[in-house]
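The primary structure of each chain is shown beneath.
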Amino acid sequence: MRILLVEDDKELQRLLRKALADAGYVVDSAFDGEEGHFLGDTEPYDAVILDLGLPKLDGVAVLEKWRKAGKMMPVLILTARDSWSDKVAGFDAGADDYLAKPFYTEELLARLRALLRRAAGLAAAEIEIGPLRIDTRASRVTLSGNPVKLTSQEYRLLAYLAHHRGKVVSRTELVEHLYDQDFDRDSNTIEVFVGRLRKKLDAGLIQTVRGLGYSLDAPAAAK
Ligand code: CA
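Structural notes, computed from the coordinates. Counting restarts for each chain, with residues numbered from 1 along the sequence as it is written. Per-residue local features are limited, in this predicted model, to residues with pLDDT of at least 70; the limit for side-chain atom pairs, both in listing and counting, is 80 or more; totals at the level of whole chains, interfaces and linings are taken over all residues. Remark: hydrogens and water are excluded; side-chain values derive from all non-hydrogen atoms of the structure.

### A closer look at the packing of helix 6 (residues 152-163) against helix 7 (residues 171-178)
Note on method: axes are straight lines fitted to C-alpha atoms, helices fitted across the in-contact stretch only, with angles between N-to-C directions ranging 0 to 180 degrees. Only DSSP runs of H or I covering at least 4 residues are called helices, and only runs of E covering at least 2 are called strands; the numbering of each starts at the N terminus. One can describe the packing of helix 6 onto helix 7 by two numbers: an axis separation of 11 Å at closest approach and a directional angle of 120 degrees. Taken together, helix 6 and helix 7 sit at an angle that is classed as oblique. Regarding helix 6 and helix 7, the two cross each other, and that crossing is right-handed. Of helix 7, the residues touching helix 6 (which contributes Arg156, Leu157, Tyr160 and Leu161) are Glu173, Leu174, His177 and Leu178. When the residues that make up the contact of helix 6 with helix 7 are grouped by side-chain class, the tally is five nonpolar, one polar and two charged. Roughly parallel means an angle under 35 degrees; roughly antiparallel, over 145; roughly perpendicular, 65 to 115; everything else is oblique. For any helix crossing, the convention is left-handed if the near helix is rotated counterclockwise from the far helix by under a right angle, and right-handed if that rotation is clockwise. Residue contacts follow a heavy-atom distance rule, with two residues in contact if any of their heavy atoms lie within 4.5 Å. Gly falls in the polar group here, along with every residue not listed as nonpolar (Ala, Val, Leu, Ile, Met, Phe, Trp, Tyr, Cys, Pro) or charged (Asp, Glu, Lys, Arg).

### Re the packing of aromatic side chains
Side-chain rings of Phe, Tyr and Trp, where Trp is taken by its six-membered ring, are said to pair if the distance between their centres is within 6.5 Å; with planes under 30 degrees apart they count as stacked, over 60 as edge-to-face, and otherwise as tilted. Overall, the coordinates contain one aromatic pair when judged by the stated rule. Our definition puts a charge over a ring when NZ of Lys or CZ of Arg is within 6 Å of the ring centre and also within 35 degrees of the ring normal. Of note, lysine 10 hangs over the ring of phenylalanine 31, and the distance from its end group to the ring centre comes to 5.7 Å. The ring centre of tyrosine 179 lies 6.0 Å from the NZ or CZ of arginine 156, which sits over that ring.

### Concerning the pairing of strand 7 (residues 132-135)
With four bridges connecting them, strand 6 (residues 126-129) and strand 7 associate as antiparallel partners. Considered in strand 7, the bridge of glutamate 126 is made with aspartate 135. A strand pair is defined by DSSP finding two or more bridges across the two strands. What sits between the antiparallel neighbours strand 6 and strand 7 is a turn of two residues, in which glycine 130 has the positive phi angle 55 degrees. As paired elements, strand 7 and strand 8 (residues 140-143) share four bridges and run antiparallel to each other. Residue pairing in the sheet places aspartate 135 in a bridge with arginine 140 of strand 8. Hairpin connection, strand 7 to strand 8: the antiparallel pair is bridged by four residues, and serine 139 has positive phi, about 55 degrees.

The following block contains the structure:
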């Protein structure tokens, strides 16, 4: 999943970037509202973490502009203190959740998982697809009750497909949401990862839709 982090506090941004990357997210970041707005306007993000007190353009204005332009991605706002007026302004501008500073990184990560889940229409932290179970809290996968060992790259790919269950996800979308900008888009890395995932999972779970992409769903018999 690709996350945009807009935070002007350099130290906090550094800490959050690391925590998000460690949790397996691809992170783009901006230090001011103008750059943050531009990135959110032009790049596809699965979610945004947006500080409200920002130079050049404040967070509420950034959020209003995105929503007016029809940008639907979930947005979690960071408020400087536990100020109710900041929260109200943020929610009215289109925020989905908030955290007041200071906060624990673990809580931010849990709220982010919940936002991504809700955006995908999933109710529980555990995703069940046929014989496959994905625990998104612990990044653990089992197949018919047996643990499956995945590399972090394989897990990210599987989790992305699971959050888009039954939909065809193109190779371009996977590259955009799972890899950094320096990723070689012409390489066949995605095919290689999908091939490895298929070998570790039930072969019928990931379908190739010729010319379009991949789709993860329960095999027809197990639906
Ligand atoms: Ca700030």
